[in-house]
Amino acid sequence: MTAAQLPPVAPEVTATLVEELSPRLRKRLDAAVTKLGARPTHRDGDTVTIAVDEETDLRMHAPGGVVATADALTCGCLLAPACVHRAAAACAAPAADPAPEPAGQEAPSEAGSAPHADGTASESSGPAPESITPAPYGTASAPDSTTPAPDATAFTPPDNTSAPDVASPAQRVAADAVWSAAAAVLEAGVEGAGAVAQAALLRAAHTARLQHLPRAAGATLSVVTLLRAARAGDPSYRTPDLVTALAELLGTAHRVGTVSGAELAAVRGRARRPYSPDGSLRLYGLFTEPVVTDSGHGGARTWVAGSDGRLYTVGDVAPGGVGRALGVADRAVRLGESALTHRELGRAGLAVSGATVSPDGRLGAGKGVKAVTARGAAWTEPPLAALWETPPLQQAVRALRATSRYADPDAGGSDLLFLDVELRGAVRDPGGTCLLASCDGGIAVRLTVADDDPALAHRDNLMLLATAPGTRLRIIGRLLPALHPRLALLACSHPTGEGTIDLGFDRLRRADLPVPDAPVHPAPPEPGDSGAHSPLHLLERRVEQTVPAGRAALGMLGDVSAEARRLRRAGLPTAAGLLAALCASAARRERDAFGRLLPADTDGFATHWLAAARYTSAVSESLCAAAWEPRPEPAVTG
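Since the model is a prediction, treat every value here as computed from it, not as a measurement.

Caption draft 1: Expanded view of the packing of aromatic side chains. Considering all chains together, one arrives at 3 aromatic pairs under this definition. Relative to Trp303, the ring of Phe287 lies with its centre 6.3 Å away and its plane at 10 degrees, an arrangement referred to as stacked. Within this pair, whereas Phe287 is found in strand E8 (residues 281-292), its partner Trp303 is found in strand E9 (residues 297-306), the two being separated by 16 residues in sequence. Residue classification places Phe287 among the buried residues on the basis of a relative accessible area of 0%. The rings of Trp379, Trp388 and Phe418 are connected pair by pair, giving a single aromatic cluster.

Here it is, written out as structure tokens:
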């Protein structure tokens, strides 16, 4: 039995069932979840039956697809309903999303819960502030560096006495419950965050939703999902994902009580993805990319631009993997009366009336939307040509706002870059072979494949382009945050200058490439800049190390003064202070007057960990932006 075979269970149902268990049964809950996961299941309409043993069955009734009440789980064992089986089944099942799409609004066929092929959870969500550095807790600057970062000092709430909108007392209590549950997970680590700790998170998520804090509720469910994936050995699980989710959850819970006005509205979040009316749109196709996710979803996403240069997407993603992705590209887009396929739309145009658009640019496919085919535009013609006129540095900063780990989910933005490049050939990289190219400002950009699946054309096309140094192309790529300019190559102009290539679907041939005038030699690697040698990883690894093993893993490190000195020598004194404070907090255990150990300060440790996590993210993003700064022209000597 896998979690996917069970119907989703409402968070409050799981929390209630776990809370009703006796202390003795709670100790057996994790083992019961594992044992139940090995038992066969049978689905009959809205009811899923699990064979607890040869004589006992457990039934999960899910009208509408969700187990919404505790009474919907029934067990035939002698101890029911006070048995451990009902709680174990609820813990083994996926947590139901408490925020469905609004009634009457047809959601786009690209499911919002399906992650992208590049691992992100949404197409182009990101904040829209003027700075790329998230700094909700104050800033501190390192000497010889312009990188702003959260300070290691205690958080200072603003004066909200005159604020028109502050969190209610009930919302603050709910946020405190979220903080406490998340801090307990950080204290115990993945290994110690079993079903009971997850139930505490689910109870906190339910309370947050009731108090109109959907962003905190959604972040809590994300942490639960990742915890379950980690404990189940899911191959798609990545520790950095859980680091980001925990930091987002702790940061959101903390800020509920410290911000006001518009910032509080962003922290509260939205219960549903809003598709707001956007009137009539004239759209011009850019390209189509395949979408293949670790969860088994597949499909296509077509990018289009409006007359004002704003980017929109039309997607079709559903269970099916790479086979479905290859098939969907030649299916008609689900938008109005248009008969265009996804690949055709990537080179044509649409006139849309009654359009509905989400904050991240997804076009809704509601019944009131009407769309007819119109003339497209070449990449060298207005309005598309303007996308390539923005300097690379400005584009990178904008894309970083969209890819920030702690982006506002309701803010717009795109992680795409539009560059004119000259190919320089293949170069070996720690992540594998990539294609080196140069763009305006003397910036050397590493171009990598967007998806390694051999059924897609990405890898073959990139390797073929690497054999044509000197070729000039107009490209579209997705920013990959790194200490050097790096893009996942998605589309390019045809090497002959006629038309465009969707690099995931269209396959180039050697005859499409210009004949080189000289023998092809591999491009030399570019010299790294100061950011490439930053010792920031010394702090990053301690932040990540906490998540699998908990506070105790850091508490046993001992002296970290050598690492702190190295950070200070590199001009990162704030990072050094955060490292020392984090490890000291992990090791600190007070004793009472009789010499007995007092409970650990989980809140204090969570505060230090959160500051370190947000700092490393901010500095990494700043170093990434700095890598896109134009290189100075070499001096000409007489």
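Right, picking up where we left off after that structure.
Caption draft 2: Up close: empty space enclosed by the protein. Inspection of every chain in the model, using the stated rule, returns 3 cavities of 30 Å³ or more. As a volume, the second largest cavity reaches approximately 50 Å³. Surrounding the second largest cavity, Trp388, Thr390, Pro392, Gln395, Phe418, Leu419, Asp420, Cys439 and Asp440 form its lining. Elements supplying a minimum of two residues to the lining of the second largest cavity: helix H11 (392-403) and strand E14 (416-429). Across the lining of the second largest cavity, the residue classes tally to 5 nonpolar, 2 polar and 2 charged.

Caption draft 3: A look at H11. Taking 1.5 Å of rise per residue, 12 residues should cover 16 Å, and H11 covers 16 Å from first to last C-alpha, within 8% of that figure. Of all the positions in H11, only Pro392, Gln395, Ala396, Val397, Ala399, Leu400, Arg401 and Ala402 are classed as buried.

Caption draft 4: Molecular detail of the sheet that holds strand E2 (residues 47-51). Spatially, the 4 strands line up as an open sheet ordered E1-E2-E3-E4, and their pairing is antiparallel. Of all strands in the sheet, those with a lone pairing partner are strand E1 (41-44) and strand E4 (73-75), marking the two edges. Mean inter-strand twist for the sheet, computed between neighbouring axes without regard to direction, equals 20 degrees. Both E1 and E2 contribute to a ladder of 4 bridges, which runs antiparallel. For His42, the partnering residue across the bridge sits in E2 and is Thr49. Contacts between helix H3 (residues 85-92) and the sheet are confined to E2, strand E3 (57-61) and E4, with E4 contributing the most and set at about 135 degrees to the helix.

Rules behind the numbers
Residues numbered from 1 in each chain as written. Predicted model: local features only at pLDDT ≥ 70, side-chain atom pairs only at ≥ 80, totals over all residues. Heavy atoms only, no water. Phe/Tyr/Trp six-rings, centres within 6.5 Å; stacked < 30°, edge-to-face > 60°. Helix = DSSP H or I, 4+ residues; strand = E, 2+ residues; numbered from the N terminus. Buried < 20%, exposed > 50% of the residue type's maximum accessible area, 1.4 Å probe, protein only. 1 Å grid on protein atoms, 1.4 Å probe; cavity = no way out; pocket = protein on both sides within 12 Å on 5 of 7 lines; lining within 4 Å. Points joined across faces, edges and corners; volume = space filled by probe spheres on them. Nonpolar A, V, L, I, M, F, W, Y, C, P; charged D, E, K, R; others polar. Expected span 1.5 Å × (residues − 1). Pairing = 2+ DSSP bridges. Axes fitted to C-alpha atoms, helices over the stretch in contact; angles between N-to-C directions. Contact = heavy atoms within 4.5 Å.

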